[in-house]
Every structure is written in C-alpha cells, then in structure tokens.
Amino acid sequence: MPVRVGDTFRDALAAVDRPLAGMWVCSGSPLVAEICAGSGLDWLLIDAEHSPNGLESILAQLQAVKGYPVQVMVRPPVNDTVLIKQYLDLGVQNLLIPMVNSAAEAEAAVAAVRYPPHGVRGVGSALARASRWNRIPDYLARASETISLTVQIETEAAAAAVEEILAVDGVDAIFLGPSDLAASMGLLGQQEHPQVRAAVEHCLAAAQVAGKPAGVNAFNEATARAYMEARASFVLVGADVAMLARGSEQLAATFVPEHEETPDGGGPRASY
Ligand SMILES: O=C(O)C(=O)C[C@H](O)[C@@H](O)CO
C-alpha cells in the first residue's frame, strides 16, 4: 500500500517495512506532478537542481499533489540557508539537500531547517503556507515534527565521510547519487561501474550500522533491486522527463518509417 499523506517522509520510512519506490518529477508541470502523484508509487522527488523549477512552480506542484496518497520530497539546487527557508515556508516538508560532503555541511543543513535556539531558520510563519498562515496550532513549536531532512552523498569525499555525516543529529536519512559519485571518481557516466556500485553499497552498509535509512537513484530495474537487497530503504526508479523521452522515441520507432534511433548520430543514450 502507498504510504499515507500527512506524515513526513521520516514517518513513512518508519511505518513501512519494505523499500519505498519513487520517481523524479522534473518537468516543472503541476499537471504532470498530479499524474505521477496518482500513480501508486510511494514518493515523488520534485527537482530544482537540474530541472526548470523555481519557487512558484514548486508551490503549484505541491498544491497539485496535495490530497494524493504519496510522499513528496523536494531537492533545492544548493545547500543554502535562505533557499531552504523559502522552500520550508512554501510548505515543503521533506527536503533532499544535494552535494553534502562533510559533517559540517550536514550540520548547516540541519540548522537551516530548525528555528532558534536549535537552528537559524528565519521566522515568517504568519506569511507562510507552511503554517497555513498560522492556522496550524503551535506551528513554531512543532515545526520540526513536520519536516524531514535527507542529505545527498554524491562525491568520493562525502562517501569517505559518510559515517560522520550519518552521525549528525537532525539528518534523518542519506541519499546516494551514483551519477555525481561516478563523476567524482573519474568515471563520468558510468553509474553501473563496479567501483561506483561498491561505493554506494559501502554507504548503504554504513547507514545500516548507524540505524538511519539510506536511499539511492537507480533507473535500471536490476540495479534498483540489488540496492533494495543491500538494504536501500527508498529508491528512485524513474523520471517523468526520461519516461516521456523514451516513450515518445518508442512511438516514433513504431510509426515513423525513417525514424533513426539516434537522430544526433551519437551512441546509445545513458539510462540515468
Ligand atoms: O548524482 C546523482 O545520481 C543524482 O543526484 C541524480 C542526478 O541528479 C540525475 O542523474 C538523475 O538521473
């Protein structure tokens, strides 16, 4: 069963004893986000790091998916205190912070999601959707209960520091990014390389020892299942834009006689 709406991603992970399967929403379209929200997948990741999303389009997508039985996480483009404040005030409850390479960077992300004295989040609840404009009783005191924080491990440096990052209080989970991890290892585009897989599995094992959930990106079904067997608690198994790209190419291949498999003359496309 898909997880219930209303809880944080942290609560959903604790409530379900199987890996959560999710997909990227990168189109920037509320309509597409709503279609994906009703798919039966457990969770969506709305991306603003590599996708055309700003505050307004993220807000529209949050509104479009509200009411569907799906967890929604959002990835800002950078680990930035001001941007994180804006995302939280929009009503983003589950954050994925990219490129967290050290315990100090993880601590900065934790501080950004907490009000003083535990952090540095600016106070704007009267103006913010997060508190439903102060219609949520005790929002300021209870905000932390409504927010989950996942940090992304996607460089060799981060993988080397994974135990310290996992030990940071307030980091609820880690998420492995094989694309950037491969790049940082000198293996650009080789997410399936044995060294990359081994680094991912090392981090999954570290998370298990730390007692915190770990997730990973894997569009290849066999890889996704292997990571699930290696105790990944949440996996992103596809993306709206990739599905549309490959699906429309398939239509062209089926119905357009002169269709070329690689119109740009390049080699086979990377799957993710
Ligand atoms: O490094 C990674 O892997 C990610 O962070 C995911 C990427 O943003 C992208 O390659 C998704 O396919």
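Refer to the structure printed above.
First, a word on scope: everything that follows refers to the structure included in this document. (Residues numbered from 1 in each chain as written. Predicted model: local features only at pLDDT ≥ 70, side-chain atom pairs only at ≥ 80, totals over all residues. Heavy atoms only, no water.)

1. As for the side chain of Gln191
Selection rule: Note on conventions: DSSP H or I runs of at least 4 residues are helices, E runs of at least 2 residues are strands, and numbering of each starts at the N terminus. Two N or O atoms count as a polar contact when they lie within 3.5 Å, although within protein this holds only if one can serve as hydrogen donor and the other as acceptor, and sequence-adjacent residues are included solely when both atoms are side-chain atoms. Residue contacts are counted whenever heavy atoms from the two residues lie within 4.5 Å of one another.
The residue Gln191 is located in the loop between helix 9 (178–184) and helix 10 (194–210) in this model. Looking at Gln191, its side chain comes within polar contact range of the side chain of Ser179, at 3.0 Å. The contact partners of Gln191, leaving out residues within four places of it in the chain, are Pro178, Ser179, Ala182, Val196, Arg197 and Tyr272.

2. What to know about the pattern of salt bridges
Working definition: two side chains of opposite charge can pair if their charged atoms are close together. How we decide: Each reported salt bridge corresponds to a side-chain nitrogen of Lys or Arg within 4 Å of a carboxyl oxygen of Asp or Glu. Only protein chains enter the area calculation, which uses a 1.4 Å probe; residues under 20% of their type maximum are buried, those over 50% are exposed, and those in between are partly exposed.
Scanning the model with the defined rule gives 10 salt bridges in all. Salt-bridge contacts for Arg75 lead to Asp47; the nearest nitrogen and oxygen are separated by 2.7 Å. You can see Arg75 sitting in strand 3 (residues 71–75) and its partner Asp47 sitting in strand 2 (residues 43–47), a full 28 residues away along the chain. The same class applies to Arg75 and to Asp47, which are both buried. Each of the salt bridges in this network shares a partner with another, and the network as a whole consists of Asp47, Glu49 and Arg75.

3. Some points on a nonpolar patch on the surface
Definition in use: Patches here: salt-bridge-free residues with over 30% relative accessible area, like charges joined within 9 Å, nonpolar side chains (Val, Leu, Ile, Met, Phe, Trp, Tyr) joined within 5 Å. Where accessible areas are quoted, they stem from the Shrake-Rupley method and a 1.4 Å probe; at the residue level, only the protein chains shown are allowed to cover.
Together, Leu251, Phe255 and Val256 line one region of the surface with nonpolar side chains, adding up to about 330 Å² of accessible area. Inspection of the secondary structure puts Phe255 in helix 12 (residues 240–255).

4. Concerning the nonpolar core
Rules: To define a nonpolar core, start from buried Ala, Val, Leu, Ile, Met, Phe, Trp, Tyr and Cys residues and group those joined through side-chain atoms within 4.5 Å.
Counting 64 residues, the largest nonpolar core has Leu44, Ile58, Leu95, Leu149, Ile153, Ile174 and Leu176 as its most contacted members. The dominant element in this core, judged by the number of residues it contributes, is helix 10, at 7 residues. In this structure Ile153 touches Val100, Ala158, Ala159, Val162, Ile165, Ile174, Phe175, Leu176, Gly177 and Cys203, once residues within four positions along its chain are discounted.

5. Structural notes on the pairing of strand 8 (residues 234–239)
Test applied: Note on pairing: two strands pair once DSSP finds at least 2 bridges between them. Clockwise travel from the first strand over the helix to the second, with the strands pointing away from the viewer, marks a crossover as right-handed.
Taking burial as the measure, the 6 residues of strand 8 include 5 buried ones, the bulk of the element. Where strand 1 (residues 20–25) meets strand 8, 4 bridges bridge the pair, whose relative direction is parallel. For Ala21, the partnering residue across the bridge sits in strand 8 and is Val235. Sheet analysis places strand 7 (residues 214–217) next to strand 8, joined by 3 bridges and oriented parallel. Paired with Gly215 across the strands is Phe234, a residue of strand 8. Remark: the strand 7/helix 11 (residues 221–229)/strand 8 crossover connection has right-handed handedness.

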